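Now for the letters of each chain:
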Amino acid sequence: MMNVQKKVPASPASIYVHIPFCRYICFYCDFNKFFIENQPVDDYIEQLDREMKRVLPETAPVDTVYVGGGTPTALAMDQLRRVLRDVKKRTDSSRPLREFSVEVNPGEADRAKLDMMKEEGVTRLSIGVQTFNDSLLQKIGRGHSAAEAEETVRLARESGFDNISIDLMFGLPEQTMADWKDTITRAVQLDIDHVSAYSLKIEEKTMFYNWYRQGKIKPLPEDTEADMYEELEEALAGAGFYAYEISNFAKPGKESEHNKTYWRNEEYYGFGAGAHGYKDGVRYANLGPLPHYLKAVKAGSHPVKDTHEVSRTENIEEEMFMGLRMKEGVSAERFNRKFNCSYYDIYPQALQELTAEGLLYDSGSGLQLTEKGKLLGNEVFARFLLDEES
Ligand code: SF4
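Residues numbered from 1 in each chain as written. Predicted model: local features only at pLDDT ≥ 70, side-chain atom pairs only at ≥ 80, totals over all residues. Heavy atoms only, no water.

An unreviewed UniProt entry lists the chain under the name Heme chaperone HemW, with Salibacterium halotolerans given as the organism. Its UniProt record, at the heading Function (unreviewed entry), says of the chain: "Probably acts as a heme chaperone, transferring heme to an unknown acceptor. Binds one molecule of heme per monomer, possibly covalently. Binds 1 [4Fe-4S] cluster. The cluster is coordinated with 3 cysteines and an exchangeable S-adenosyl-L-methionine." (UniProt positions renumbered as here; feature names shortened; annotations may be inferred.)

Here it is, written out as structure tokens:
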């Protein structure tokens, strides 16, 4: 196999826009974000638009947009409206977006802001709830209450949003199974369409990392985390949610089309300070610090910090790893189209063994993990690693 990534000339159909401002800084967060006070927010919005104008082809044929952060709703109403309009004016208006998502933090979007988002064409909200336990919310540094999270969901429905997702976290320090069950119960009692749930990872350069090193917080045992995941999976299945990806659960027809771009290993634009993108076979990361990002855009250059040309070998591995996270699995047709061969040509032995061991299932149109395969996910993924020269 030649070790060169084939260029895909088509313009990506998805856009990620990063708003790196927050009204509070959570103790676990390692995203590129800044406390909003005294930041050059208007200048940032201006340069963000310039970056999009410079990179996007005239009226780009875009299907999905995701405005995340940071916290988009940390922006004042007029600022957020401007970002939404700027994104829309750079896309092909004759082709309605399939999904236009915005991240919302509880307590930061009143009815007027939600109505504005609806009017501007936003189709989906992703609300950062994390937990419905007020004491845990404080312990992880969130600046809102459980009641505010419930109120934000209610207001979003009143504004007419029919696609509402909430984010939850489990494996939080001192979180008990009883806390977690209560959070799940309150989640399913809400009128929502989608849940994303991730376990806490203690990342470097966070408050949690310092406290962990000082022995002030302890992560939960892996077994407890696994039990919490199982509890979630069962409760959500009972409430009509379908696990279409390992950490994502949707009611029928409410899967995140934008996030499927990532799991299907497709390319996307990333705009804003610290945003990541993937275009023409190259993964890139924008400059994170605001002054660097602003200066680069104003100077007329691409505000890119790192680029990585994805080799064909890496691309094949990513296609397998990410595809297997989804219920739909790795598509045979997409694999053939991208790599001009079948996955059986690349992994004849691994596929035969994993199928025989009951870890993998070939539906004819694609490869999916079995229930047993899901439990042993890392073991399965390791079998898809290739030598760079292979
Ligand atoms: S988790 Fe979200 S709200 Fe909290 S600091 Fe990070 S980006 Fe900001």
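We are not done yet, so read on.
Neighbouring the ligand are Cys22, Tyr24, Ile25, Cys26, Tyr28, Cys29, Phe31, Gly70, Thr71, Asn105 and Arg142. Of the residues assigned to the shell around the ligand, the class counts are seven nonpolar, three polar and one charged. (Near = heavy atom within 4 Å. Nonpolar A, V, L, I, M, F, W, Y, C, P; charged D, E, K, R; others polar.)

So, on to the domain arrangement of the chain. Annotation of the chain at the domain level lists domain 1 (13-263) and domain 2 (312-382). Here the C-alpha centre of domain 2 lies 29 Å away from the C-alpha centre of domain 1. Of the residues lining the interface, 10 residues belong to domain 1; the matching set on domain 2 comes to seven residues. Across the domain 1/domain 2 interface, buried area totals approximately 830 Å², and carbon plus sulfur atoms make up 53% of it. Taken as a group, Glu245, Ile246 and Trp263 account for 50% of the area that domain 1 buries against domain 2, more than any other trio of residues on that side. Where domain 1 meets domain 2, there are two salt bridges. (Domains from an automatic or database assignment. Contact = heavy atoms within 4.5 Å. Buried area = accessible area lost by both parts, 1.4 Å probe. Salt bridge = Lys/Arg side-chain N within 4 Å of Asp/Glu carboxyl O.)

Further remarks concern the nonpolar core. Nonpolar side chains in soluble globular proteins tend to be buried together. Counting 69 residues, the largest nonpolar core has Met117 and Ile166 as the members making the most contacts within it. Apart from the residues lying within four places of it in its own chain, the contact partners of methionine 117 are Thr73, Leu80, Leu84, Val102, Val104, Ala109, Val122, Leu125 and Phe161. (Core = buried A, V, L, I, M, F, W, Y, C linked by side-chain atoms within 4.5 Å. Buried < 20%, exposed > 50% of the residue type's maximum accessible area, 1.4 Å probe, protein only.)

What follows is about the sheet that holds strand β16 (residues 360-362). Sheet architecture is open: three strands sit in the order β15-β17-β16, paired in antiparallel fashion. Each edge of the open sheet carries a strand with a single partner, namely β15 (330-331) and β16. The sheet contact formed by β16 and strand β17 (residues 366-369) spans three bridges and is antiparallel. Each bridged residue has a counterpart across the sheet, and for leucine 360 the counterpart in β17 is leucine 369. (Pairing = 2+ DSSP bridges. Helix = DSSP H or I, 4+ residues; strand = E, 2+ residues; numbered from the N terminus.)

Our focus in this paragraph is helix α2 (residues 77-89). For α2, spanning 13 residues, the distance from its first C-alpha to its last is 18 Å, which sits close to the expected 18 Å at 1.5 Å a residue. If you check which residues of α2 are buried, you get Gln79, Leu80, Val83, Leu84, Asp86 and Val87. Considered in projection along α2, the buried side chains sweep an arc of 160° and stay on one side of the axis. In this structure, the buried side of α2 is in contact with β1 (14-19), α1 (41-55), β4 (64-69), β5 (99-104) and α3 (111-119). (Expected span 1.5 Å × (residues − 1). Arc of directions from axis to C-beta.)

Moving on, we come to the packing of aromatic side chains. What describes a pair of aromatic rings is the distance from one ring centre to the other and the angle between the planes of the rings. Using the criterion set out here, one finds 16 aromatic pairs in the structure. Summarising the aromatic geometry, the rings of tyrosine 229 and phenylalanine 249 are spaced 6.4 Å apart at their centres and angled 45° between planes, so their arrangement reads as tilted. Highlighted residues: tyrosine 229 in helix α8 (residues 222-238) and phenylalanine 249 in strand β10 (residues 248-250), separated in sequence by 20 residues. Here tyrosine 229 falls in the buried class, since its relative accessible area comes to 18%. Here the aromatic residues Phe335, Phe339, Tyr343 and Tyr344 are joined through ring pairs into a cluster of three or more. In this structure, lysine 118 is placed above the aromatic ring of phenylalanine 161, and the distance from its NZ or CZ to the ring centre is 5.4 Å. Here the guanidinium or amino end of arginine 283 rests over the ring plane of tyrosine 278, the centre of that ring lying 3.9 Å away. (Phe/Tyr/Trp six-rings, centres within 6.5 Å; stacked < 30°, edge-to-face > 60°. Lys NZ or Arg CZ within 6 Å of the ring centre and 35° of its normal.)

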